[in-house]
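Descriptive analysis of the structure
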Amino acid sequence: MGAKFSTSSKKRQARQSSSQRQNQFQTNSGSSDGSVMRFGRKFHDVSSSAYWFPNDDEEIDRLVGQHFALKTLFRGNVVEKCRESVPLEQGALVLDVGCGPGTWLMDMATEYPCSNFIGVDMCDIFPTNIRPSNVSFQVANVLERLPFPDNTFDFVNMRLFIIALRKEQWPTVIKELYRVLKPGGYLQSVECGMLERGNDFIVWAGQVFKDTIFSRGQEPHVASQLPTLQQNAGFIIEHYETKDIYLGKPSEDTIDGRAQPYFCSLLFQM
Ligand SMILES: C[S@@+](CC[C@H](N)C(=O)[O-])C[C@H]1O[C@@H](n2cnc3c(N)ncnc32)[C@H](O)[C@@H]1O
């Protein structure tokens with residue numbers, strides 16, 4: 001099991017102002033109007049999407065826990081390169097695509113109060129009570145063009161789409177992220193790798209997960225293909241990092257070794 005962090009930047013061209021565009025972010029597209037129940041769990045009903053995890057309260061709890069496990073694993077919400085290059089302290093415009101319950105976004109909004117954060121997801125599982133004033137959410141489907149003009153954002157984050165996109169959809173989606181980023185803007189992308197080492201159970205569970213992804217026309221090894229996919233869309237790769245999670249064995253990437261059993265238990269709930 002592992003997770004890969006990829007940070008790339010959009011080639012610089014003529015800059016456009018983003019302040020005029022903030023008022024234009026009103027349109028929704030590809031929204032999930034309803035949900036379907038299967039095996040006692042709630043799932044989206046968006047016909048264009050191959051995403052196959054639930055979108056109910058139990059899943060929201062899992063995503064929140066997973067956010068903090070990933071934050072611990074990568075020692076923060078953004079890599080050093082982005083902290084240095086994106087004007088987060090001064091006031092950047094940030095988009096999180098497939099934000100789910102918005103935990104990364106709200107964590108970032110609290111850390112960087114001068115920046116503005118927009119989260120989009122095809123499912124409305126956004127928080128309704130606690131929401132920093134510099135955060136907003138919209139229902140939008142990245143497969144159906146995002147409701148933002150070209151060259152809008154300083155920073156785009158997209159995380160854990162391995163089970164959301166079919167293999168052939170990746171290039172189109174990455175081009176869409178490129179389109180909405182300002183010239184010189186940054187994309188941060190995190191995807192998980194496959195469970196391929198460990199005891200018999202771990203190897204078996206990893207194989208079942210991999211076969212399921214594959215049978216749905218998705219790419220189990222997309223994490224290692226991110227740099228090529230991003231370069232093909234026009235990005236310059238600035239940083240690429242892989243973190244291994246040794247299930248059941250202490251690792252220097254955790255605080256007191258606590259993230260491992262936690263991440264392990266999250267994994268087995270999938
Ligand atoms: C595994 S969750 C990750 C959530 C969040 N990025 C995080 O790291 O906690 C994937 C999210 O992507 C959303 N999603 C899947 N396909 C999408 C699409 N085509 N457009 C927008 N959101 C999508 C799902 O509804 C889900 O909330």
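The rules behind each value
- Residues numbered from 1 in each chain as written.
- Predicted model: local features only at pLDDT ≥ 70, side-chain atom pairs only at ≥ 80, totals over all residues.
- Heavy atoms only, no water.
- Helix = DSSP H or I, 4+ residues; strand = E, 2+ residues; numbered from the N terminus.
- Buried < 20%, exposed > 50% of the residue type's maximum accessible area, 1.4 Å probe, protein only.
- Areas by Shrake-Rupley, 256 points an atom, 1.4 Å probe, with all protein chains shown as cover.
- Patch = residues over 30% accessible without salt bridge, like charges linked within 9 Å, V, L, I, M, F, W, Y side chains within 5 Å.
- Salt bridge = Lys/Arg side-chain N within 4 Å of Asp/Glu carboxyl O.
- Polar contact = N/O pair within 3.5 Å; in protein donor to acceptor, adjacent residues only side chain to side chain.
- Contact = heavy atoms within 4.5 Å.
- Expected span 1.5 Å × (residues − 1).
- Axes fitted to C-alpha atoms, helices over the stretch in contact; angles between N-to-C directions.
- Parallel < 35°, antiparallel > 145°, perpendicular 65-115°, else oblique.
- Left-handed = near helix turned anticlockwise from the far one by under 90°.
- Nonpolar A, V, L, I, M, F, W, Y, C, P; charged D, E, K, R; others polar.
- Phe/Tyr/Trp six-rings, centres within 6.5 Å; stacked < 30°, edge-to-face > 60°.
- Core = buried A, V, L, I, M, F, W, Y, C linked by side-chain atoms within 4.5 Å.

Structural notes on the overall build of the protein chain
- Looking only at helices and strands, the protein chain has seven helices and nine strands in total.
- Within the protein chain, buried positions represent 57% of all 270 residues.
- For the protein chain, the exposed surface amounts to about 12600 Å²; the carbon and sulfur share of it is 50%.

Some details on a nonpolar patch on the surface
- Together, Phe201, Trp204 and Val208 make up a nonpolar patch on the protein surface, roughly 320 Å² of accessible area in all.
- Note that Val208 resides in helix α5 (residues 200-215).
- Here Val208 falls in the partly exposed class, since its relative accessible area comes to 37%.

Re helix α4 (residues 170-180)
- Counting buried positions along α4 yields eight of 11 residues, so the element is predominantly enclosed.
- Among the residues of α4, those classed as buried are Trp170, Val173, Ile174, Glu176, Leu177, Tyr178, Arg179 and Val180.

Things to note about the side chain of Asn157
- In this fold, Asn157 is placed in strand β7 (residues 153-159).
- Separated by 3.3 Å, the side chains of Asn157 and Gln188 make a polar contact.
- Here Asn157 is in contact with Leu95, Asp96, Val97, Trp104 and Gln188, once residues within four sequence places are set aside.

Let's talk about helix α1 (residues 57-73)
- Compared with an ideal rise of 1.5 Å per residue, which puts 17 residues at 24 Å, α1 spans 24 Å between its outermost C-alpha atoms and is within 8% of the ideal.
- Buried residues of α1: Glu59, Ile60, Arg62, Leu63, Gly65, Gln66, His67, Ala69, Leu70 and Leu73, and no others.
- Positive phi shows up at Arg75, right after α1, with a value of about 55 degrees.

Some remarks on the packing of α4 against helix α6 (residues 222-233)
- The N-to-C vectors of α4 and α6 enclose an angle of 55 degrees; their axes lie 10 Å apart at closest approach. Regarding the angle of α4 to α6, the classification is oblique. Classified by chirality, the crossing of α6 by α4 is right-handed. Where α4 abuts α6, its residues Trp170, Pro171, Ile174, Lys175 and Tyr178 lie against Val222, Leu226, Leu229, Gln230 and Ala233.
- Among the residues forming the contact of α4 with α6, the class breakdown is eight nonpolar, one polar and one charged.

Looking at the pattern of salt bridges
- A full pass over the atoms with the stated rule returns 13 salt bridges.
- A salt bridge links Glu58 to Arg41; the nearest nitrogen and oxygen atoms lie 3.6 Å apart. Pair noted here: Glu58 is in helix α1 and Arg41 is in strand β3 (residues 41-44), with a separation of 17 residues, a long-range link.
- A salt bridge links Arg166 to Glu168; the shortest N-O distance between them is 3.9 Å.
- With relative accessibility at 28%, the residue Arg166 sits in the partly exposed group.

Examining the packing of aromatic side chains
- In the structure shown here, the tally under the stated rule is eight aromatic pairs.
- Ring centres 6.3 Å apart and planes at 45 degrees place the aromatic pair Tyr51 and Phe53 in the tilted group.
- For Phe53, a relative accessible area of 5% translates into the label buried.
- Measuring from centroid to centroid gives 5.7 Å for Phe201 and Trp204, while their planes differ by 35 degrees, and the two rings are tilted. Highlighted residues: Phe201 and Trp204, both in helix α5, separated by three residues, approximately one helical turn.
- For Phe201, a relative accessible area of 44% corresponds to the partly exposed category.

Remarks on the nonpolar core
- Grouped together as the largest cluster of nonpolar side chains are 36 residues, with contacts concentrated most on Leu95, Val97, Leu146, Phe153, Val156 and Trp170.
- When contributions to this core are tallied by element, the ones reaching two or more residues are β4 (93-97), β5 (116-121), β7, α4, β8 (181-192), α5 and α6.
- Top contributing element to this core by residue count: α4, with six residues.
- Counting residues in each nonpolar core, the second largest holds 21 residues, with Val78, Met106, Phe117 and Val135 among its members.

Things to note about unusual backbone geometry
- Phi is positive for Arg145, close to 70 degrees, though the residue is something other than glycine.
- Relative to the helices and strands, Arg145 is located in the loop between β6 (135-139) and β7.
- The partly exposed category is assigned to Arg145, whose relative accessible area is 49%.
- The phi dihedral of Leu160 is positive, around 65 degrees, even though this residue is not glycine.

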